[in-house]
Amino acid sequence: MRRRAARLAALALALAAAGCSDAAAPPTAEPGAPVASERPAVGGGASDAGAGPASPPVDAPAEPAPELEPEPELAEPEPMPERTTYEIDATFDPASRRLTGTTVALARNDAAVATSEARWTAYLNAFSAEAIRARDPVLPEHRKRAYAVAAPDALDGRLAAVHASVDGVPAAAERRGQTIVVALPEPWAPGEWRRIELAWEATLPAVHHRFGAADDAYWFGNALPILAAFDGEWRDYAYEPVGDPFFSTVADFRVRLTAPREYDVVATGDETPALSSAADGWATTTVDAPFARDFAFALGAGFRVAEASTARGARVGVYFRQASEARAAAAAEAAAGIADLLEGWVGAYPYGEMDIFENEMFVTGMEYPGLAFVRADRLNDPDGVETVAHEVAHQWFYNVIGNDQVREPWLDEGFATYATDVYLLGDRLDAVYAERLRTLRKGAAIGDVRTYDSWSAYWNGNYRKGALLLHALRGELGEEGFDRFLKAYYEEFRFGVVTTDSFVATAERVRGEPMDAFFDRWLP
């Protein structure tokens, strides 16, 4: 039997480490943030008491009052941010596949323990020749589609630190596999803010994966370095051949992307019109992306756009070249449709737009905040609306409600799968799920990404079994109870991090009693 007390204790510890005990709305002020000191009075007069020059006769001309220099205004201290902020300047040269830039992070240690280092993700290094020879991040059966060239030496993926500093002081930085480790001059104590700067240079590998290129299209998912999640332990996971090996916390991004001006930029967040120079042929696009767990972008030339709108007015844009206009339009409508469902069922979509970019990944789709990549043949398939809907559902489950996608991937994949099925199956949902439960493989297990040796086993366990668990929970709680559970779940963990234990605790709180018998049937 699951031990409920231990589970609730683990929940309290996880919430304390993640700083998300009340995530119903973004905080408006940071506890403990510096405030302006009281300003001294300006022009205060001296006392009349004591010796001094005699007053002039009444008929004597008055001496002009001495001019007093105005006391300088004290600058208001900069307000502390509410969460980690990133300022990123990046330049991409398609001719050499070179991406160079600088990332400045203003971050707080929200864990309960200090750390002597800051770790940055550098997933491009998983596709260097030496890394592929040591541990290929793609399963053998997928290499032909995932790799644009056969020889590892030609793939040439890498990301290296050029310079690092902490609070303006130069700091040592070293590459450890798929992580850049910056040594801190002093331990980073709980609650402390640090300004950490990393200058870096990278090469986009010749792959068709979450990052890659095909013709005049380039896409960058999990490509830019960001701080790994730290909850008392750095969660800088390796790039696994199965599943989504990522875990990040919500931050605000301001990104300036420079590229040849013929390329359109599609990115997480809101893009401003590019500033281009006719002299050199380059353009810089500025993007603001608040409340995002990562920042992804794509560059494309010759793309068309199909658009739709959600009921609340969020814009959906499908960027395509190979898909037909009809299929792209259907994808845009499906994206808006499932967004409407989830806004009513779970909670509000946090952005003003949602972009879908057609590419040539070996996986069919991949979600990022406000942006999804969908493989061209899938987008052009009538059944491809399932992939589109699934990736849009991830905006709520992975992005708004975050989770460790390595250790507990079912928390986003199960929810995204179930939401997609609710949207697409409608009244047929009960019958289809009864058949799926009957045919579910006996070995299907919810688990850590690192325990699977095939995509099918991972899919059966975390997508399909995770969705069946949620459907069973809906039956257990009833329609009204399940609705209350979803809204409570969204309000409590919005822009925070959920765990399986906190998921269970929320369901039990809505139910009003322990549910060990139910969850023991489904969870490891």
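Up top is the structure these notes are about.
All of these numbers come straight from a predicted model, not from anything done at the bench.

1. Focus: the sheet that holds strand β6 (residues 173–176)
Taken in spatial order, the three strands of this open sheet run β3-β7-β6, and their pairing is antiparallel. Because the sheet does not close on itself, it has two edges, and the strands there are β3 (115–121) and β6. Ignoring strand direction, the axes of neighbouring strands in this sheet form an average angle of 35°. The pairing of β6 with strand β7 (residues 179–188) spans four bridges and is antiparallel.

2. A word on helix α11 (residues 500–511)
The first and last C-alpha atoms of α11 sit 17 Å apart over twelve residues, in line with the 16 Å expected at 1.5 Å per residue. In terms of burial, α11 is largely enclosed, as nine of its twelve residues are buried. Buried residues of α11: T500, S502, F503, V504, A505, T506, A507, E508 and V510, and no others. Phi for G512, located one or two positions after α11, is positive at around 85°.

3. Looking at the nonpolar core
Counting residues in each nonpolar core, the largest one holds 162 residues, and the members touching the most others are F253, F295, L473, F485, Y489, F503 and F519. Among the elements that take part in this core, helix α10 (residues 455–493) stands out by supplying 15 residues, more than any other. Apart from residues no more than four positions distant in its own chain, F295 is found in contact with F220, L224, F253, V255, L257, A267, T268, V287 and A289.

4. Comments concerning the side chain of N462
Within the element layout of this structure, N462 appears in helix α10. A polar atom in the side chain of N462 sits 3.0 Å from the side chain of Y452. Here N462 is in contact with P409, W410, E413, G414, I446, G447 and Y452, once residues within four sequence places are set aside.

5. Side note on the pairing of strand β11 (residues 251–260)
Of all the ten residues making up β11, eight are buried; the element is thus mostly covered by neighbouring parts of the structure. Where strand β1 (residues 84–93) lies against β11, eight bridges are found, and the strand directions are parallel. Considered in β11, the bridge of T85 is made with D252. Pairing geometry for β11 and strand β15 (residues 282–292), over nine bridges, is antiparallel. Across the sheet, residue R256 finds its bridge partner in β15, namely T286.

6. Quick word on the packing of helix α8 (residues 410–425) against α10
At a closest axis distance of 7 Å, the pairing of α8 and α10 adopts a crossing angle of 70°. Here α8 lies roughly perpendicular to α10, going by the angle between them. Grouping the amino acids of the contact of α8 with α10 by side-chain chemistry returns 14 nonpolar, five polar and two charged.

7. A few points about the packing of aromatic side chains
Evaluated as defined, the whole model comprises 40 aromatic pairs. Between the aromatic rings of F362 and W455, the centroid separation amounts to 6.4 Å while the plane-to-plane angle is 85°, which identifies the pairing as edge-to-face. Taken together, the positions of F362 in the loop between β19 (353–359) and β20 (365–368) and W455 in helix α10 put the pair 93 residues apart, joining distant regions of the chain. Here the two residues F362 and W455 agree in accessibility, since each one is buried. Their ring planes at 85° and their centres at 5.5 Å tell us that F485 and F503 sit as a pair that is edge-to-face. Of this pair, F485 sits in helix α10 while F503 sits in helix α11, and the two are 18 residues apart along the sequence. A relative accessible area of 0% means that F485 is categorised as buried.

8. So, unusual backbone geometry
Among all residues except glycine, the phi angle is most often negative; among peptide bonds, the trans geometry is most common. At D167, a residue that is not glycine, the phi angle is positive and equals roughly 50°. Take D167: its relative accessible area is 45%, and that puts it in the partly exposed class. Of note, the phi angle at Y398 is positive, near 135°, even though the residue is not glycine. By the element assignment, Y398 lies in the loop between α7 (385–393) and α8. Taking relative accessible area as the criterion, Y398 reaches 5% and is therefore assigned buried.

9. Things to note about the pairing of strand β10 (residues 217–220)
Side chains A217 and W219 project from β10 onto one buried face, and the interleaved Y218 and F220 project onto a second face that is buried too. The pairing of strand β9 (residues 211–214) with β10 spans four bridges and is antiparallel. Note on β10: the bridge partner recorded for A213 is Y218. Where β9 hands over to β10, the hairpin turn is made up of two residues, of which D215 adopts a positive phi near 55°.

What counts, and where the lines are drawn
Residues numbered from 1 in each chain as written. Predicted model: local features only at pLDDT ≥ 70, side-chain atom pairs only at ≥ 80, totals over all residues. Heavy atoms only, no water. Pairing = 2+ DSSP bridges. Helix = DSSP H or I, 4+ residues; strand = E, 2+ residues; numbered from the N terminus. Axes fitted to C-alpha atoms, helices over the stretch in contact; angles between N-to-C directions. Expected span 1.5 Å × (residues − 1). Buried < 20%, exposed > 50% of the residue type's maximum accessible area, 1.4 Å probe, protein only. Core = buried A, V, L, I, M, F, W, Y, C linked by side-chain atoms within 4.5 Å. Contact = heavy atoms within 4.5 Å. Polar contact = N/O pair within 3.5 Å; in protein donor to acceptor, adjacent residues only side chain to side chain. Parallel < 35°, antiparallel > 145°, perpendicular 65-115°, else oblique. Nonpolar A, V, L, I, M, F, W, Y, C, P; charged D, E, K, R; others polar. Phe/Tyr/Trp six-rings, centres within 6.5 Å; stacked < 30°, edge-to-face > 60°.

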